[in-house]
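Residue-level listing of the chains:
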Amino acid sequence: MSVMVARKKVVRKWEKLPGRNTFCCDGRIMMARQKGIFYLTLFLILGTCALFFAFECRYLAVQLSPAIPVFAAVLFLFAMATLLRTSFSDPGVIPRALPDEAAFIEMEIEATNGTVPQGQRPPPRIKNFQINNQIVKLKYCYTCKIFRPPRASHCSICDNCVERFDHHCPWVGNCVGKRNYRYFYLFILSLSLLTIYIFTFNIVYIALKSLKIGFLNTLKETPGRCSQSLTVLTVLEVLICFFTLWSVVGLTGFHTFLVALNQTTNEDIKGSWTGKNRVQNPYSHGNIVKNCCEVLCGPLPPSVLDRRGILQQEESTAQEGSCSRGPGTQEPLATQGPGQAQEAHSVLSLQVPAPSVSNTEMPEGKQRTPGELPVPSLDTGRAEH
């Protein structure tokens, strides 16, 4: 005999989410699939800072002040914390429409636009929305089957609609949107300060060494001595910081300009508020302080993905077992609780002896035909109990 046992397998919602994202730590970490440049970012920051702390900081702490490595450590930890917070968080992904919701939206669009003759291009799927006396167009996303909220856009790399989409940054390995933009801005700001700091004190280190033995003598020291290797590493750090400085500081200045206007990179590239129409930005408060407070200090909305929510799926497995059935054998009752999915089930066979009653002793209306099983009377059952 085979017994079908229903087992419940716990599946998290992040395992079934569409799009091109990767998840770690049971859905707690969310990143893009392309993470190669993110690892390069980590290598450059960790490598440069490790060399600075290992060599120059010890010399500068003795010669100038012990506060130099302390302040550098604070900048390094803050930059790493904001980088990981930007890379591992949900940028504001908007869930896609369910099949029923998508069908309802399609019915609404057909009812609004009417039937389009064959061969003609259907009108654009756009809804008008008013914000601060300005008309904002809500565009329809054919991938997510939704009308995107204001300032949202579909990221072609992650294949998701992101609320208040700014841009996709490969250096942090994630999209930059409403939920992680402030951390991204703090990361590039702290990284700019850290790069300037290391670059400056590397120059100071070389200057102090050059005052003692001369700059050319510093570079021409014998290979057997450790000081030459330190100088070569210092020059390497100076070159890395020099080429990094322009891009990071320039990016920080650009985003400072956007924060002051309460504008996104996507809107600036498309010219949404500075194009031919000269439409005024409806999201700007007209005050730099208010715009900065809203972007950097405003309330952080919760994630709407519910990545760690539970989806239950039932799986049926067959178990084989043998049991002997008598004339009065009852069917086995297999019960299973939530925590007993891995336990073996025992099947009990209960045999009830039936009294032998002959045809001659039975009334005519209750005589059984050949092959029919005897049915015990109620009195007999009571007597046995």
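Thresholds applied
- Residues numbered from 1 in each chain as written.
- Predicted model: local features only at pLDDT ≥ 70, side-chain atom pairs only at ≥ 80, totals over all residues.
- Heavy atoms only, no water.
- UniProt positions renumbered as here; feature names shortened; annotations may be inferred.
- Helix = DSSP H or I, 4+ residues; strand = E, 2+ residues; numbered from the N terminus.
- Buried < 20%, exposed > 50% of the residue type's maximum accessible area, 1.4 Å probe, protein only.
- Expected span 1.5 Å × (residues − 1).
- Bend = angle between axes of the 7 residues up to and from the residue.
- Pairing = 2+ DSSP bridges.
- Salt bridge = Lys/Arg side-chain N within 4 Å of Asp/Glu carboxyl O.
- Contact = heavy atoms within 4.5 Å.
- Polar contact = N/O pair within 3.5 Å; in protein donor to acceptor, adjacent residues only side chain to side chain.
- Core = buried A, V, L, I, M, F, W, Y, C linked by side-chain atoms within 4.5 Å.
- Phe/Tyr/Trp six-rings, centres within 6.5 Å; stacked < 30°, edge-to-face > 60°.
- Lys NZ or Arg CZ within 6 Å of the ring centre and 35° of its normal.
- Patch = residues over 30% accessible without salt bridge, like charges linked within 9 Å, V, L, I, M, F, W, Y side chains within 5 Å.
- Areas by Shrake-Rupley, 256 points an atom, 1.4 Å probe, with all protein chains shown as cover.
- Axes fitted to C-alpha atoms, helices over the stretch in contact; angles between N-to-C directions.
- Parallel < 35°, antiparallel > 145°, perpendicular 65-115°, else oblique.
- Nonpolar A, V, L, I, M, F, W, Y, C, P; charged D, E, K, R; others polar.

- As recorded in an unreviewed UniProt entry, the protein chain goes by the name Palmitoyltransferase, listed as coming from Illadopsis cleaveri.
- UniProt, in the comment section headed Catalytic activity (unreviewed entry), describes the protein chain in these words: "L-cysteinyl-[protein] + hexadecanoyl-CoA = S-hexadecanoyl-L-cysteinyl-[protein] + CoA".
- Its UniProt record, at the heading Sequence similarities (unreviewed entry), says of the protein chain: "Belongs to the DHHC palmitoyltransferase family. ERF2/ZDHHC9 subfamily."

1. So, the overall build of the protein chain
Point 1. Each helix and strand counted, the protein chain has 9 helices and 12 strands in total.
Point 2. For the protein chain, the proportion of its 385 residues judged to be buried stands at 34%.

2. A few points about helix H1 (residues 36–63)
Point 1. Counted at 1.5 Å a residue, the expected span for H1 with its 28 residues is 40 Å, and the 40 Å between its end C-alpha atoms agrees.
Point 2. Approximately 45 degrees is the largest bend angle found in H1, and it occurs at Glu56.
Point 3. Among the residues making up H1, those that are buried are Phe38, Thr41, Leu42, Ile45, Thr48, Cys49, Phe52, Glu56, Cys57, Tyr59 and Leu60.

3. As for the sheet that holds strand E6 (residues 134–141)
Point 1. In space, the 3 strands of this open sheet follow the order E5-E6-E7, with antiparallel pairing throughout. In this open sheet, the two strands that pair with only one neighbour each are strand E5 (126–131) and strand E7 (146–147).
Point 2. In terms of strand pairing, E6 meets E7 through 2 bridges, oriented antiparallel. Residue pairing in the sheet places Tyr140 in a bridge with Phe147 of E7.

4. Describing the environment of Met80
Point 1. Of note, Met80 is situated in helix H2 (residues 67–87).
Point 2. Here Met80 falls in the buried class, since its relative accessible area comes to 12%.

5. Topic: the UniProt feature "transmembrane region" (unreviewed entry) in the protein chain
Point 1. Sequence positions flagged by UniProt for "transmembrane region" (unreviewed entry) are, in local numbering, residues 37–55, 67–84, 183–208 and 228–261.
Point 2. Taken end to end, residues 37–55 has its terminal C-alpha atoms 27 Å apart, with 100% of it in helix and 0% in strand.
Point 3. Between the end C-alpha atoms of residues 183–208 there is a gap of 37 Å, over a span that is 100% helix and 0% strand.

6. Topic: the pattern of salt bridges
Point 1. Counting across every chain of the model gives 5 salt bridges.
Point 2. A salt bridge links Arg96 to Asp159; its shortest N-O distance comes to 3.2 Å. Of the two residues, Arg96 sits in the loop between strand E4 (93–94) and helix H3 (99–113) while Asp159 sits in the loop between strand E8 (153–155) and strand E9 (160–162), which places them 63 residues apart along the sequence.
Point 3. Residue classification places Arg96 among the partly exposed residues on the basis of a relative accessible area of 25%.
Point 4. Classification of Asp159 by relative accessible area gives buried; the value is 18%.

7. So, the sheet that holds E9
What links the strands of a sheet is backbone hydrogen bonding, and the strands pair in either a parallel or an antiparallel sense.
Point 1. Spatially, E4-E9-E8 is the arrangement adopted by the 3 strands of the open sheet, whose pairing is antiparallel. The open sheet has two free edges, formed respectively by E4 and E8, since each of these has just one partner strand.
Point 2. Inspection of the sheet shows E4 paired to E9 by 2 bridges, in the antiparallel sense. Paired with Val93 across the bridge in E9 is Val162.

8. Concerning the environment of Asp166
Point 1. Within the secondary structure, Asp166 is located in the loop between E9 and strand E10 (167–169).
Point 2. Along the chain, Asp166 and Glu267 lie 101 residues apart, while their C-alpha atoms are 7.9 Å from each other.
Point 3. Setting aside its immediate chain neighbours within four residues, Asp166 contacts Val176, Gly177, Tyr181, His255, Thr264, Thr265 and Asn266.
Point 4. A polar contact is formed between the side chain of Asp166 and the side chain of Thr265, at a distance of 2.7 Å.

9. Section: the nonpolar core
Point 1. If you look at the biggest cluster of nonpolar residues, it comprises 38 residues, and the most contacted ones within it are Ile45, Phe52, Leu60, Leu83, Tyr181, Phe184 and Phe187.
Point 2. Of all elements in the fold, only strand E3 (29–32), H1, H2, helix H4 (181–213) and helix H6 (226–261) reach the threshold of two or more residues within this core.
Point 3. With 13 residues, H4 is the single largest residue contributor to this core.
Point 4. For Phe52, the contacting residues outside a window of four places in its chain are Cys57, Leu60, Ala72, Ile198, Phe201, Asn202 and Glu237.

10. What to know about the pairing of E5
Point 1. Two strands pair when backbone bridges link them, and E5 and E6 are joined in this way by 6 bridges, in the antiparallel orientation. By the bridge assignment for E6, Lys127 is matched with Leu138.

11. With respect to the packing of aromatic side chains
Note on aromatic pairs: each is described by the distance of the centres and the angle between the planes.
Point 1. All chains considered together, the criterion is met by 14 aromatic pairs.
Point 2. Ring plane angle 65 degrees and centroid distance 6.2 Å describe the contact between Phe38 and Phe88, whose orientation is recorded as edge-to-face. Of this pair, Phe38 sits in helix H1 while Phe88 sits in the loop between H2 and E4, and the two are 50 residues apart along the sequence.
Point 3. Take Phe88: its relative accessible area is 27%, and that puts it in the partly exposed class.
Point 4. Aromatic ring contacts, followed pair by pair, group Phe199, Phe242, Phe243 and Trp246 into a single cluster.
Point 5. Over the aromatic face of Phe147 sits the side chain of Lys127, whose NZ or CZ is 4.6 Å from the ring centroid.

12. Digging into a nonpolar patch on the surface
Point 1. A cluster of nonpolar residues, Ile37, Leu40, Phe43, Leu44 and Trp171, forms a patch on the protein surface that exposes about 480 Å² of accessible area.
Point 2. Note that Phe43 resides in helix H1.
Point 3. For Phe43, a relative accessible area of 60% gives the class exposed.

13. Details of the packing of H1 against H2
Axes are the key here: two packed helices are described by the angle between their axes and the distance separating the axes.
Point 1. Closest axis-to-axis distance for the H1/H2 pair is 10 Å, and the angle between their directions is 170 degrees. Considering the angle they form, H1 stands roughly antiparallel to H2. On H2, the residues touching Phe38, Thr41, Leu42, Ile45, Leu46, Cys49, Phe52, Phe53, Cys57, Leu60 and Ala61 of H1 are Ile68, Pro69, Ala72, Ala73, Phe76, Met80, Leu83, Leu84 and Ser87.
Point 2. When grouped by side-chain class, the residues that make up the contact of H1 with H2 number 18 nonpolar, 2 polar and no charged.

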